[in-house]
Amino acid sequence: MALLSGLEEGQNLPRLMDLYGRVVRKLRISVTDRCNFRCSFCMPETPAWIPNDSILSFDEITRFVRVCSTKFGVDRVRLSGGEPLVRKDIEKLVAQIAFTPGIKHTCMTTNGTYLAEKARSLKNAGLQSVTISLHSLRPERFEKVTRVNGHAKVLEGIRAAKSAGFVNVKLNSVIVRGYNDDEILDFATLAHDEGFNMRFIEYMPFDGRKSWQMEKVVSGDEILARIAKKYRIVPLERERGSTAVNYRFEDGAGGEFGIIASITRPFCSDCDRLRLTADGKLVPCLFGDKEYDISPLLKDDRADDEIAQFLKEIVRLKPPGVESLIKASAELKHVRAMYQIGG
Ligand code: SAM
Ligand code: SF4
């Protein structure tokens with residue numbers, strides 16, 4: 001109990017802080033780069049997969065989480081991918097992380113295809129919330145971008161998440177001009193009428209095929225303006241470190257929606273996350289080209305203090321972020337594809 005009560009006072013722990021004073025509070029962990037979909041804004045037509053023997057084991061991932069939580073007070077973990085639910089026995093990893101001392105929230109971003117089978121076991125394993133990607137409400141259109149016949153399965157997965165007891169199920173939609181921007185109001189109506197928490201995401205230059213163009217980005221402002229034509233909306237206070245600005249409907253109906261304007265209005269100045277790829281590369285910034293291999297330390301079972309020292313050095317080097325590039329009108333780089341990093 002002494003250990004746990006110490007952690008509840010997390011403030012007493014030293015923090016992972018960068019040169020700009022930003023503190024890491026959340027981990028985003030890609031558990032695999034494999035996926036049953038082939039979304040055109042996320043991966044190239046023929047993805048280069050990480051070799052199986054380079055993928056971190058559940059114990060190595062959990063070790064990383066434990067060092068971050070017990071040494072530095074990091075308390076939130078999001079599992080992502082690739083598609084996290086294609087990793088065998090993912091529930092075991094969820095349980096290991098959820099029961100790691102100091103971890104207060106374990107959540108997942110998934111394409112939803114396997115939720116009909118797995119929602120309940122994930123909930124029982126300790127997963128606290130789930131975000132499901134849904135880029136179109138029209139099956140043919142959805143299948144055009146994912147290149148898989150899976151729309152009905154995803155809808156089934158969304159229902160399964162609700163009936164398994166996940167509250168505040170979030171739906172992510174990447175808005176790409178000419179693909180699904182004519183569905184913005186339909187998505188808003190889904191939030192209004194059916195109580196979902198809808199998240200509109202600006203298209204980022206991580207498609208792995210270099211076909212991203214600024215013209216295809218529908219800005220958060222434009223998304224908001226389109227929704228405001230039909231609904232009266234009220235902004236909510238932004239949570240510290242959140243990439244989203246959230247809104248509710250003035251008439252008090254239904255759910256909420258959020259806008260993640262990573263291109264036109266990024267919140268790099270209070271970014272509080274650190275990313276780990278499936279093969280053990282630490283990525284301090286999604287828009288940066290630097291990554292640092294922590295896998296040798298995890299695989300060789302080195303002392304926690306050595307891993308902690310490495311983490312401190314890497315986080316110190318975190319670049320200021322995309323905000324400064326946009327201000328300088330610098331060209332955004334296609335650094336890596338989204339399936340390789342986990343969004
Ligand atoms: N496979 C899961 C899924 O699709 O939800 C998790 C991994 S996916 C890489 C994580 C999130 O990144 C998803 O919500 C996905 O829609 C989003 N995403 C993928 N490519 C993107 C891009 N180029 N720009 C913005 N978001 C993107
Ligand atoms: Fe797979 Fe998710 Fe990327 Fe689509 S966005 S290809 S579901 S990892």
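Just so you know, these numbers come straight off a predicted model, no measurement behind them.

1. A closer look at the pairing of strand E9 (residues 256-260)
Burial runs high along E9: four of the five residues are buried. As paired elements, strand E8 (residues 244-249) and E9 share five bridges and run antiparallel to each other. Across the sheet, Ala244 pairs through a bridge with Ile260, a residue of E9. Taken together, E8 and the strand that follows it, E9, pair antiparallel across an intervening segment of six residues, in which Gly252 is found at a positive phi of about 80°.

2. Brief notes about the environment of Arg177
Tracing the backbone through its elements, the reader meets Arg177 in the loop between strand E5 (170-175) and helix H7 (184-194). Owing to a relative accessible area of 33%, Arg177 belongs among the partly exposed residues under this scheme. Along the chain, Arg177 and Val217 lie 40 residues apart, while their C-alpha atoms are 6.1 Å from each other. Setting aside residues up to four positions removed in sequence, Arg177 forms contacts with Glu215, Lys216, Val217, Val218, Glu222 and Arg226. At 3.1 Å, the side chain of Arg177 and the backbone oxygen of Glu215 are in polar contact.

3. Some points on helix H10 (residues 304-316)
Taking 1.5 Å of rise per residue, the 13 residues of H10 would be expected to cover 18 Å, and the 18 Å separating its terminal C-alpha atoms lies within 8% of that figure. Among the residues of H10, Ile307, Ala308, Leu311, Ile314 and Val315 are the ones counted as buried. With its buried residues spanning 130° around the axis, H10 presents them on a single face. Residues of H10 that are buried in the fold lie against helix H2 (58-72), strand E10 (273-276), strand E11 (281-283), strand E12 (292-293) and helix H9 (295-299).

4. Topic: the confidence of the model for the protein
This prediction gives the protein a mean pLDDT of 92; 94% of its residues lie at or above 70. Across residues 1-9, where pLDDT falls below 50, the model places six contacts with residues more than four positions away in sequence or in other chains.

5. Section: the nonpolar core
One recurring pattern in soluble globular proteins: nonpolar side chains tend to sit buried together. Counting 99 residues, the largest nonpolar core has Leu27, Ile29, Phe64, Phe200 and Leu311 as its most contacted members. Element by element, the count of residues in this core is highest for H2, at seven residues.

6. Details of the site of ligand 1
Residues in close proximity to ligand 1 total 20 residues, the closest being Phe41, Gly82, Ser133, Asn172 and Met204. In this structure, a nitrogen atom belonging to ligand 1 sits 3.1 Å away from a side-chain N or O atom of Glu83. Secondary-structure elements contributing two or more residues to the shell around ligand 1 are strand E3 (105-110), E5 and strand E6 (197-202). For the shell around ligand 1, a count of residues per class yields seven nonpolar, 11 polar and two charged.

7. What about the layout of surface pockets?
Considered as a void within the structure, the second largest pocket measures approximately 260 Å³ in volume. If you go around the second largest pocket, the residues you meet are Ser40, Phe41, Lys144, Val145, Val176, Arg177, Gly178, Tyr179, Tyr203, Arg209, Ser211 and Lys216. A breakdown of the residues in the lining of the second largest pocket according to their chemical character gives five nonpolar, three polar and four charged.

8. As for the site of ligand 2
Lining the immediate surroundings of ligand 2 are Cys35, Phe37, Cys39, Cys42, Met43, Gly82 and Asn111. By residue class, the composition of the shell around ligand 2 is five nonpolar, two polar and no charged.

9. Things to note about the packing of aromatic side chains
Given two aromatic rings, one states the distance between the centres and the angle between the planes to describe the pair. Here the structure, examined in full by the defined rule, presents nine aromatic pairs. Ring pairing ties together the aromatic residues Phe187, Phe200, Tyr231, Tyr247, Phe249 and Phe257, which thus form one cluster. Seen from the ring of Phe166, Lys123 lies directly overhead, with NZ or CZ sitting 5.7 Å from the centre.

Reading the values: the criteria
- Residues numbered from 1 in each chain as written.
- Chains lettered and ligands numbered in written order.
- Predicted model: local features only at pLDDT ≥ 70, side-chain atom pairs only at ≥ 80, totals over all residues.
- Heavy atoms only, no water.
- Buried < 20%, exposed > 50% of the residue type's maximum accessible area, 1.4 Å probe, protein only.
- Helix = DSSP H or I, 4+ residues; strand = E, 2+ residues; numbered from the N terminus.
- Pairing = 2+ DSSP bridges.
- Contact = heavy atoms within 4.5 Å.
- Polar contact = N/O pair within 3.5 Å; in protein donor to acceptor, adjacent residues only side chain to side chain.
- Expected span 1.5 Å × (residues − 1).
- Arc of directions from axis to C-beta.
- pLDDT = per-residue confidence, 0-100.
- Core = buried A, V, L, I, M, F, W, Y, C linked by side-chain atoms within 4.5 Å.
- Near = heavy atom within 4 Å.
- Nonpolar A, V, L, I, M, F, W, Y, C, P; charged D, E, K, R; others polar.
- 1 Å grid on protein atoms, 1.4 Å probe; cavity = no way out; pocket = protein on both sides within 12 Å on 5 of 7 lines; lining within 4 Å.
- Points joined across faces, edges and corners; volume = space filled by probe spheres on them.
- Phe/Tyr/Trp six-rings, centres within 6.5 Å; stacked < 30°, edge-to-face > 60°.
- Lys NZ or Arg CZ within 6 Å of the ring centre and 35° of its normal.

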